[in-house]
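# Summary of the model geometry
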Amino acid sequence: MKVAVVSDTHGYFDPRLKELFSGVAAILHAGDVGSEAVLDELSQIAPVHAVKGNVDADSLGLPPTRTVNFENTQVEIRHALPIPQSELEEWSDTQLLGKMHPARRDGFLRGLAPGTRVVVFGHSHQPCLLTIGNTLFFNPGSAGNKRFSLPRCCGMLEVFPRGVRGFMISLERHNERLPAKIWLPLKEGAEESGA
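The following paragraphs examine the structure supplied in this document. Since the model is a prediction, treat every value here as computed from it, not as a measurement. (Residues numbered from 1 in each chain as written. Predicted model: local features only at pLDDT ≥ 70, side-chain atom pairs only at ≥ 80, totals over all residues. Heavy atoms only, no water.)

Looking now at the overall build of the protein. Looking only at helices and strands, the protein has four helices and 11 strands in total. Counting every position in the protein, which comprises 195 residues, the buried fraction comes to 51%. Restricting to contacts in the protein with at least 6 residues of sequence separation, those with at least 24 account for 52%. As displayed, the protein has an accessible area near 9400 Å², and 48% of this comes from carbon and sulfur atoms. (Helix = DSSP H or I, 4+ residues; strand = E, 2+ residues; numbered from the N terminus. Buried < 20%, exposed > 50% of the residue type's maximum accessible area, 1.4 Å probe, protein only. Contact = heavy atoms within 4.5 Å. Areas by Shrake-Rupley, 256 points an atom, 1.4 Å probe, with all protein chains shown as cover.)

Following this line, the structure appears as structure tokens:
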């Protein structure tokens, strides 16, 4: 099963999303949607599960967080994390394990909804795809108009009985440096080839 992941559209619907998201079971939008028109365009492709971002009007009626399930994988969607994305990236770096604060990391992980295996978030416009323990963290970056020097991109989750794979999709004409694909087995020792 394929699930599209998008964030920070800021009122702009990239026409390429129709083709890129064709055939997906659902679309997850991690906030800063920007307009009802974006939600309407996305809902013509697949059912949309969106959350409210810091620029979204109350009139969009979006919740601050949302939890959805796809087969045996629970996904938590939120706009911003309660920690900086850079700290999340440090926690996933095995070379920094001895320098970090495990109590802060463990407290953050306990704050997730019970059973969450994937956290989809946005806000920073910086793509991020990493695992911490048994949880995949996925920021698809910004699919809105170009801002700053950050790449325009979105992402895809592929849910299998034995795990979930996440990957980025560039919306730029040239290749951007985007995080590589990540495989998260649902059980210890599950092989990607067995997906």
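This paragraph deals with the pattern of salt bridges. Where charged atoms from two side chains of opposite charge approach closely, those side chains can pair. Under the criterion given, the structure shown has eight salt bridges. A salt bridge links R104 to E87, with the nearest nitrogen and oxygen atoms 2.5 Å apart. With R104 in helix α4 (residues 102-110) and E87 in helix α3 (residues 85-92), this pair connects stretches of sequence that are 17 residues apart. The buried category is assigned to E87, whose relative accessible area is 14%. (Salt bridge = Lys/Arg side-chain N within 4 Å of Asp/Glu carboxyl O.)

What follows covers the packing of aromatic side chains. The tally for this structure, following the rule as stated, stands at three aromatic pairs. Measuring from ring centre to ring centre gives 5.6 Å for W91 and F108, while their planes differ by 50°; the resulting arrangement is tilted. Taken together, the positions of W91 in helix α3 and F108 in helix α4 put the pair 17 residues apart, joining distant regions of the chain. Residue classification places F108 among the buried positions, given a relative accessible area of 8%. Taken together, a centroid distance of 5.8 Å and an interplanar angle of 50° make the contact between F160 and W183 tilted. Residue F160 is located in strand β9 (residues 153-160), and its partner W183 is located in strand β11 (residues 182-185); the two are separated by 23 residues in the primary sequence. Ring pairing ties together the aromatic residues W91, F108 and F137, which thus form one cluster. (Phe/Tyr/Trp six-rings, centres within 6.5 Å; stacked < 30°, edge-to-face > 60°.)

Shape is all these values report; function is a separate question.
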